[in-house]
Amino acid sequence: MNIARFLWNNRIQWGIVEGDEVRAIQDNLYEGAQAGTRLCALSDVRLLAPIDVQTNKVPAIAANYGEKDQRDGPGIFMKQPGTVIGHNEPIVYPRIGRSIIHEAEVGIVIGRRARHISVSEAMEYVLGYTCVNDVSARELATSDLGAGTSMRWKHFDTFCPIGPWITTGLDGDNLQIQCRVNGQTVVDGSSSGMIWNVAELVSWVSEVMALNPGDVIPSGCPGVDEINVGDTVEVEVEGIGTLSNPVAADV
């Protein structure tokens, strides 16, 4: 099931996408949602990021692919609300940017309030998955180190495309992840390569902060590459679909 947030008839609402149609949601969005009556054609709506940043947050995971070394868990950082954009919305290349990179990731969408959740019960709190592009200004990664780390390189507006919708019923630990720039595949990986799996990530984050229905946890990326003004970046996750965003100059 694909659960979408969209603009239709000048209203922001949620619905279920079935093929080329959008249907109303019966029951609660986060518990037992089912497709109801037909609302409109998919082509009649503008898809929005499937998260309400006024009520939900994006705690992102760092360094979840490669060597585990001696860490007991991954890094966590927050994507500020202004970073979130939806399908087909432009990623704005910062005026001070020199090396902007894409990071194609599986986004874990929370379905129930979770705090101090064990690994064994964590999957009971997962609603589904979505595509995330954790865009980053790579050259700024070390420039703010010193008295404190600002994570400025992760926080530019439009640096967290999410979408096109939330898909339920998938195995989040075994999904192919691809990123294409201008139609060329530059990253081809799988969430099976994660050091910490979905259940471990949900448990890990829930020990730091309470997770609420609708929160999205980007789970880390299997590879990166640069993007430039004029590019089109596509993040495709198996079973979900494709999140596409053009890259535009800051004006």
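Structure's up top.
Residues numbered from 1 in each chain as written. Predicted model: local features only at pLDDT ≥ 70, side-chain atom pairs only at ≥ 80, totals over all residues. Heavy atoms only, no water.

(A) Broad picture of the overall build of the protein chain. In terms of regular secondary structure, the protein chain is built from one helix and 19 strands. The C-alpha radius of gyration computed for the protein chain amounts to 17 Å, which stays within 12% of the reference 18 Å derived for 251 residues, consistent with globular compactness. Considered along the principal axes of its C-alpha atoms, the protein chain spans approximately 55 × 45 × 30 Å. Out of the 251 residues in the protein chain, the part that is buried amounts to 51%. Restricting the contact set of the protein chain to residue pairs at least 6 apart, pairs at least 24 apart contribute 69%. Counting only carbon and sulfur atoms, one obtains 46% of the accessible surface of the protein chain, whose full area is about 11,100 Å². Considering the protein chain, the positive charge centre built from 18 side chains and the negative charge centre built from 32 side chains are found 6 Å apart. (Helix = DSSP H or I, 4+ residues; strand = E, 2+ residues; numbered from the N terminus. Rg over C-alpha atoms; globule rule 2.2 N^0.38 Å. Buried < 20%, exposed > 50% of the residue type's maximum accessible area, 1.4 Å probe, protein only. Contact = heavy atoms within 4.5 Å. Areas by Shrake-Rupley, 256 points an atom, 1.4 Å probe, with all protein chains shown as cover. Lys, Arg positive; Asp, Glu negative; His and termini not counted. Charge placed at Lys NZ, Arg CZ, Asp CG, Glu CD.)

(B) Local environment of the sheet that holds strand E14 (residues 176-181). Spatially, five strands are ordered E9-E19-E18-E14-E15 in an open sheet, and the strand pairing comes out mixed. A single partner strand is all that each edge strand has here, and the edge strands are strand E9 (91-93) and strand E15 (184-190). On average, each strand axis in the sheet is inclined to that of its neighbour by 20°, with strand direction left out of account. One ladder, built from three bridges, connects E9 with strand E19 (residues 241-249); its direction is parallel. The residue bridging Ile91 from the neighbouring strand is Val247, located in E19. (Pairing = 2+ DSSP bridges. Axes fitted to C-alpha atoms, helices over the stretch in contact; angles between N-to-C directions.)

(C) Local environment of the pattern of salt bridges. In the structure shown here, the tally under the stated rule is twelve salt bridges. Between Lys154 and Glu103 there is a salt bridge, with the nearest N and O atoms lying 3.0 Å from each other. Taken together, the positions of Lys154 in the loop between strand E12 (136-137) and strand E13 (160-167) and Glu103 in strand E10 (residues 100-110) put the pair 51 residues apart, joining distant regions of the chain. What makes Glu103 buried here is its relative accessible area of 8%. Connected through shared salt-bridge partners, Glu18, Glu21, Arg23 and Arg38 make up one network. (Salt bridge = Lys/Arg side-chain N within 4 Å of Asp/Glu carboxyl O.)

(D) Inspection of the packing of aromatic side chains at higher detail. Scanning the model with the defined rule gives one aromatic pair in all. With a centroid separation of 5.3 Å and 50° between ring planes, the pair formed by Phe156 and Phe159 is classed as tilted. Of the two residues, Phe156 and Phe159, both sit in the buried class. Taking NZ or CZ as reference, Arg112 lies 4.3 Å from the ring centre of Tyr125, over its face. Here the guanidinium or amino end of Lys154 rests over the ring plane of Trp153, the centre of that ring lying 4.6 Å away. (Phe/Tyr/Trp six-rings, centres within 6.5 Å; stacked < 30°, edge-to-face > 60°. Lys NZ or Arg CZ within 6 Å of the ring centre and 35° of its normal.)

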